[in-house]
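# Descriptive analysis of the structure
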Amino acid sequence: MAKRSAEFDQVALVHLDALYHLALRLTRNRAEAEDVVQEACLRAFRSFDRFNPGTNCRAWLFTIVRNVFLNRVRRGGREVFEGDTGILESSAKSATSPEPEGNPEEEFFQTVLHGDVERALQALPLVFREAVILADLEGLSYREIAEVLGCPVGTVMSRLSRGRQLLRESLARFAREHGYLRGRA
Amino acid sequence: MTCSEFEARLQLYVDGELPLVETGAADAHAAECSRCAGRVHGERGFRRRQPREAAPPELRARIVDHVRRAERRAVLRPWLVAPALAAIAAILAVVLLLPALRETPSLVGELVDKHIAYAQVERPAELASTNPAEIEEWFRQRAGLGVLVPDYSPAGIRLVGARLTEARERKAAYLFYEKGRTLLSVFIVPASATDAIGPGARITFRGHEYTTREVKGYRAVSWTDGRVSFGLVSMLDYDALFECADRLRAQREHQTSL
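Throughout what follows, the structure given in this document is the object of discussion. (Residues numbered from 1 in each chain as written. Chains lettered and ligands numbered in written order. Predicted model: local features only at pLDDT ≥ 70, side-chain atom pairs only at ≥ 80, totals over all residues. Heavy atoms only, no water.)

### Details of the packing of helix α4 (residues 57-75) of chain A against helix α9 (residues 142-149) of chain A
Residue and element names in this part refer to chain A. Heads up, the rule is: Axis angles are defined between N-to-C directions and span 0 to 180 degrees, where every axis is a line fitted to C-alpha atoms and, for a helix, only to the segment in contact. A run of DSSP states H or I qualifies as a helix once it reaches four residues; a run of E qualifies as a strand once it reaches two. Both are numbered from the N-terminal end. Between 65 and 115 degrees an angle is taken as roughly perpendicular, under 35 as roughly parallel, over 145 as roughly antiparallel, and anywhere else as oblique. Handedness of a helix crossing follows the sense of rotation of the near helix relative to the far helix, less than a right angle counterclockwise being left-handed and clockwise being right-handed. By the convention used here, residues are in contact when the closest approach between their heavy atoms is within 4.5 Å. Classification convention: Asp, Glu, Lys, Arg as charged; Ala, Val, Leu, Ile, Met, Phe, Trp, Tyr, Cys, Pro as nonpolar; all other residues, Gly among them, as polar.
The geometry of α4 relative to α9 is characterised by a closest axis approach of 8 Å and an angle of 30 degrees between their N-to-C directions. Looking at the two axes, α4 sits roughly parallel to α9. The element α4 and its partner α9 pack so that their crossing is right-handed. Side by side, α4 and α9 meet where A59, F62, T63 and R66 of the first sit next to E144, E147, V148 and L149 of the second. Of the residues contributing to the contact of α4 with α9, the split by class is four nonpolar, one polar and three charged.

Here's what the structure looks like:
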């Protein structure tokens, strides 16, 4: 009888930290993140039969977490995606160009404080934030991210590069504020 | 691969999404170009620097608990669903019928139910007495009720006793009589302007109108006189009940005229 829940523990709940982390990044609120993860896990358990053991369980769970989050946002009558994604995504082509001053990336990121990364991530509009988290932190492939977000792989790529660029810009600004980095304001 | 070609592929390369045919060339370029190698290192470092927070242990415990419970419910469900649905249906039926049910407990219906209930009891009377005056006095002292206890002995109906009861949520007098082994209940209930005796046939006997009704096999004769309602319930036939009613009415008239 308890076989199914034991299997769920082994296959799904091992990803709880990652689920919580994603929920935290989406909600930006610990209590809400816990609620989202709890609801998502119960949903996942109820539809665990439909999960194909050969596929990426983490990506499947991320999809559920994200759906639960979006449903709650919609139910609360809140705006789902902050920022004008159209404008942001259209300018994504220039995203891959590195710092023109030629600061070695390695050096640059050594100047970045832990709290700054947190702050920059939180400030990122949701469409970019979720793509960046799934790729950079969770190491999902573009295809898996596209499945989680329900969008084409090309969109994942443009969101990722735009999101990273925005992150980098925020971090450079913070670094200048701290006096670690000189240069253009 | 040139530096600009490598830069154009940097994200894909670090993300491990570069097509296999290009990965070799990119590897080779990163191996010989320290600037591009630095970018790769920086990109990887940047990704690693994104802070991660572990799920609180309470959350884990809560989820495990909920999952176990969901599993138990899932196991029980096939047996639970049918009775649960039946219960819901029953509740719905009661709720829907409630307005209809609320109308049926007319005063007469309520009195018949009491008659049936006390007919089962061996000694239904609180005060066992064959003396009308004693019973009248008992009601006066006990509940402040001015009750006239009729004397039916000429018709062979014997007074047994009395008890205080409630009808229409008001204190009422309940008198017990017997004819042989047949019980006759006489209820004397303070009336209010709002209540009605209830449905039944209107029968005039010696110039007075009575409401008659058969409920659950018992015959009931009732009427309202001034601020008091009377109800007689028995298996006795209507003729006997009308006689009893008429006698009670006559006795009251006699008393008030004194």
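### Some points on the pairing of strand β7 (residues 218-225) of chain B
Residues and elements named next belong to chain B. The condition is simple: Per-residue accessibility, obtained with a 1.4 Å probe over protein chains only, is compared with the maximum for each type, and a residue is labelled buried under 20%, exposed over 50%, and partly exposed between these values. Only strands joined by at least two bridges in the DSSP assignment are considered to pair.
Within β7, six of the eight residues are buried, which leaves the element mostly enclosed by the surrounding structure. With five bridges connecting them, strand β6 (residues 208-215) and β7 associate as antiparallel partners. Bridge assignment links R213 to a residue of β7, and that residue is A220. Linkage of β6 to β7, two consecutive antiparallel strands, is achieved through a turn of two residues, within which K216 is found at a positive phi near 50 degrees.

### Re the packing of aromatic side chains
Defined as follows: Each pair of aromatic rings taken from Phe, Tyr and Trp, with Trp reduced to its six-membered ring, is defined by centres within 6.5 Å and is described as stacked if the planes are under 30 degrees apart, edge-to-face if over 60, and tilted in the remaining cases. Comment: the charge-over-ring label is applied if NZ (Lys) or CZ (Arg) is within 6 Å of the ring centre and within 35 degrees of the ring normal.
Summed over the entire model, instances satisfying the criterion amount to 15 aromatic pairs over all chains. An angle of 85 degrees between the planes, with centres 5.1 Å apart, marks the rings of F8 of chain A and F48 of chain A as edge-to-face. Separated by 40 residues along the polypeptide, F8 of chain A in helix α1 (residues 3-11) and F48 of chain A in the loop between α3 (30-46) and α4 bring together distant segments of the chain. A network of ring pairs unites the aromatic residues F205, Y210, W223, F230, Y238 and F242 of chain B as a single cluster. Between the NZ or CZ atom of R219 of chain B and the centre of the ring of Y238 of chain B, over which it lies, the distance is 5.8 Å.

### Observations regarding the pattern of salt bridges
Pairing of side chains with opposite charge becomes possible as their charged atoms draw close. Put simply, the rule is: Here, a salt bridge means any Lys or Arg side-chain nitrogen found within 4 Å of an Asp or Glu carboxyl oxygen.
Inspection of every chain in the model, using the stated rule, returns 24 salt bridges over all chains. The shortest N-O distance in the salt bridge between D225 of chain B and R252 of chain B comes to 3.5 Å. Pair noted here: D225 of chain B is in strand β7 and R252 of chain B is in helix α7 (residues 238-257), with a separation of 27 residues, a long-range link. One salt-bridge network, in which partners are shared between bridges, spans D35, E39, R43 and R72 of chain A.

### Topic: the interface of chain A and chain B
Heads up, the condition is: Buried surface area refers to the total accessible area, computed with a probe of radius 1.4 Å, that the two partners give up upon joining, counted for both partners together. N or O atoms within 3.5 Å of each other form a polar contact, as long as, within protein, one can give a hydrogen and the other can take it, and as long as residues adjacent in sequence are counted only when both atoms are side-chain atoms.
In this complex, chain A contributes 48 residues to the contact, which on the side of chain B involves 32 residues. Interface of chain A and chain B: buried area, both sides summed, is about 3900 Å²; carbon and sulfur atoms make up 57% of it. Summed over the shared surface of chain A and chain B, the result is five salt bridges. For the salt bridge of R168 of chain A with E43 of chain B, the shortest nitrogen-to-oxygen distance reads 2.3 Å. Across the chain A-chain B interface, the total number found is 14 residue pairs in polar contact (both at pLDDT 80 or more). The class makeup of the residues in the side of chain A that touches chain B is 26 nonpolar, eight polar and 14 charged.

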